[in-house]
Amino acid sequence: FNTSMSVVHHVVYFKFTDAFREQEEAVIAEARAMVGRIPGLHSIRMGPTFTTERAHGYTHCLVATLDNLETYAKHEVHLALVENLKPFFAEGSAPVVSLDFNDPPYVTDRCPVPAWAHFAIGTAVGVGLAALIKHCRS
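What counts, and where the lines are drawn
Residues numbered from 1 in each chain as written. Predicted model: local features only at pLDDT ≥ 70, side-chain atom pairs only at ≥ 80, totals over all residues. Heavy atoms only, no water. Pairing = 2+ DSSP bridges. Helix = DSSP H or I, 4+ residues; strand = E, 2+ residues; numbered from the N terminus. Axes fitted to C-alpha atoms, helices over the stretch in contact; angles between N-to-C directions. Contact = heavy atoms within 4.5 Å. Salt bridge = Lys/Arg side-chain N within 4 Å of Asp/Glu carboxyl O. Buried < 20%, exposed > 50% of the residue type's maximum accessible area, 1.4 Å probe, protein only. Arc of directions from axis to C-beta. Core = buried A, V, L, I, M, F, W, Y, C linked by side-chain atoms within 4.5 Å. Phe/Tyr/Trp six-rings, centres within 6.5 Å; stacked < 30°, edge-to-face > 60°. Lys NZ or Arg CZ within 6 Å of the ring centre and 35° of its normal.

### A closer look at the sheet that holds strand β3 (residues 60–66)
Here comes step 1: Spatially, four strands are ordered β2-β3-β1-β4 in an open sheet, and the strand pairing comes out antiparallel. Taken across any chain shown, the strands that pair with only one partner, and hence form the sheet edges, are β2 (41–48) and β4 (96–103). Going from strand to strand, the sheet's axes swing by 15° on average, the running direction of each strand aside.
Here comes step 2: The pairing of β2 with β3 spans seven bridges and is antiparallel. Following the sheet pairing, Met46 is matched in β3 by Leu62.
Here comes step 3: Sheet strands in contact with helix α1 (residues 24–32) are β2 and β3, and its direction is about 165° off that of β2.

### Focus: the pattern of salt bridges
Here comes step 1: Scanning all chains against the criterion turns up two salt bridges.
Here comes step 2: For Glu70, the salt bridge identified is with Lys74, shortest N-O distance 2.8 Å. Residue Glu70 and its partner Lys74 are both found in helix α2 (residues 69–74); the two are separated by four residues, about one turn of the helix.
Here comes step 3: For Lys74, a relative accessible area of 59% puts it in the exposed group.

### Brief notes about helix α3 (residues 76–85)
Here comes step 1: For α3, the set of buried residues is Val77, His78, Leu81 and Leu85. Each buried residue of α3 lies within a common arc of 100° when the element is viewed along its axis, so the set occupies one face.
Here comes step 2: Where the residues of α3 are buried, they touch β1 (7–14), α1 and α2.

### Topic: the nonpolar core
Here comes step 1: Ranked by internal contacts, the top residues of the largest apolar core, which has 22 residues, are Met46, Leu62 and Tyr72.
Here comes step 2: Taken together, the elements giving at least two residues each to this core come down to β1, α1, β2, β3 and α3.
Here comes step 3: With residues near it in sequence (within four places) discarded, Leu62 still touches His10, Val11, Val12, Phe14, Ala31, Ile44, Arg45, Met46 and Tyr72.

### Points about the packing of aromatic side chains
Here comes step 1: On inspection of all chains with the given rule, the structure shows six aromatic pairs.
Here comes step 2: Look at Phe14 and Phe89: their rings are 6.4 Å apart centre to centre, the planes differ by 25°, and that puts the pair in the stacked class. Placement of Phe14 in strand β1 and of Phe89 in the loop between α3 and β4 is noted, with a sequence separation of 75 residues between them. Each of the two residues, Phe14 as well as Phe89, counts as buried.
Here comes step 3: Each member of the aromatic cluster is reached from another via a ring pair, and the members are Phe14, Phe16, Phe20, Phe88 and Phe89.
Here comes step 4: One Lys or Arg, Lys15, reaches over the ring of Tyr58 and ends 4.7 Å from the middle of that ring.

### Let's talk about unusual backbone geometry
Here comes step 1: The phi dihedral of His56 falls on the positive side, at around 55°, and the residue is not glycine.
Here comes step 2: Among the structural elements, His56 can be located in the loop between β2 and β3.
Here comes step 3: Here His56 falls in the exposed class, since its relative accessible area comes to 68%.

### Topic: the pairing of β3
Here comes step 1: With five of seven residues buried, β3 lies mostly within the body of the structure.
Here comes step 2: Inspection of the sheet shows β1 paired to β3 by seven bridges, in the antiparallel sense. Bridged to Val12 within β3 is Leu62.

Structure (structure tokens):
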């Protein structure tokens with residue numbers, strides 16, 4: 001696998017205070033609006049947990065799919081969101097936990113497909129790419 005072309009999944013767990021509920025919709029909209037404003041950020045999902053008994057006090061989760069964690073982490077739009085969230089962090093241990101992992105792109109020995117194509121599978125473009133992958137593997 002060509003790890004230089006791998007996709008990064010950035011997963012963040014939050015422990016928010018009850019006061020966050022008043023701002024929840026606006027903050028989630030702000031997080032989702034980062035797509036298109038930060039280079040290489042492909043998607044963001046954020047929401048409250050519905051399995052509170054398994055969440056160990058964490059109330060919300062954010063999952064971002066991106067090309068480069070460092071670019072995302074240092075970008076002013078991301079830093080502004082972090083600052084907006086800080087007043088809502090719950091007191092105590094680890095109000096935020098972040099985990100990151102790579103998802104290798106679709107690759108064969110003869111026909112590598114770039115990481116950005118990973119997001120196109122399932123769309124009209126993706127159907128064409130899937131046919132290309134099938135052709136390359138045969």
